[in-house]
Amino acid sequence: MGRTFTARVYRVPRGRWIIFPELCKGCGPCIETCPGDVLRWSQGLGACGTPTAEVDASGCIAGRTCADHCPDCAIDVDRETAKARVRTQHHG
Ligand code: SF4
Ligand code: SF4
């Protein structure tokens, strides 16, 4: 059976920013490369017992730079398209 990981999901203006704390080893490229400077260290601990990254959700533009620079695939960014937003509204 496959292993499952806990996802911490943050609602951001253009979609969702997601971190898998069990995969985050606290190395920092996500924080260093975020163009909006909206990532910081959280109180939660990750894979190496070091703080995990978390987002200041209101400033995230969902461009995926952080996810692209994470060597451990600990971040995912789910960017909503205009179409997806319309669907979300229709289904409440
Ligand atoms: S780059 Fe990935 S593993 Fe490193 S601190 Fe950021 S989220 Fe965690
Ligand atoms: S998606 Fe972009 S703005 Fe949002 S946290 Fe990642 S790098 Fe920063």
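Because the structure is a prediction, the values reported are computed rather than measured. (Residues numbered from 1 in each chain as written. Chains lettered and ligands numbered in written order. Predicted model: local features only at pLDDT ≥ 70, side-chain atom pairs only at ≥ 80, totals over all residues. Heavy atoms only, no water.)

Draft legend 1. Here's a closer look at the side chain of Glu80. Residue position: Glu80 is located in the loop between β5 (75–79) and α3 (82–90). Relative accessible area serves as the criterion here: at 17%, Glu80 is assigned to the buried category. Among the polar contacts listed, one links the side chain of Glu80 to the side chain of Arg11, at a separation of 2.5 Å. (Helix = DSSP H or I, 4+ residues; strand = E, 2+ residues; numbered from the N terminus. Buried < 20%, exposed > 50% of the residue type's maximum accessible area, 1.4 Å probe, protein only. Polar contact = N/O pair within 3.5 Å; in protein donor to acceptor, adjacent residues only side chain to side chain.)

Draft legend 2. Seen up close, the site of ligand 1. Around ligand 1 lies a shell formed by Cys24, Lys25, Gly26, Cys27, Gly28, Pro29, Cys30, Trp41, Cys70, Pro71, Ala74 and Ile75. Residue composition of the shell around ligand 1, grouped by class: 9 nonpolar, 2 polar and 1 charged. (Near = heavy atom within 4 Å. Nonpolar A, V, L, I, M, F, W, Y, C, P; charged D, E, K, R; others polar.)

Draft legend 3. Spotlight on unusual backbone geometry. The backbone phi angle of Ala62 is positive, close to 55°, even though this residue is not glycine. With respect to the helices, strands and loops of the structure, Ala62 is situated in the loop between β4 (51–55) and α2 (65–69). Residue Ala62 is classed as buried on the basis of its relative accessible area, which comes to 3%. One non-glycine residue, Arg64, adopts positive backbone phi at about 80°. Along the chain, Arg64 falls in the loop between β4 and α2. Accessibility expressed as a relative area gives 31% for Arg64, which makes it partly exposed.

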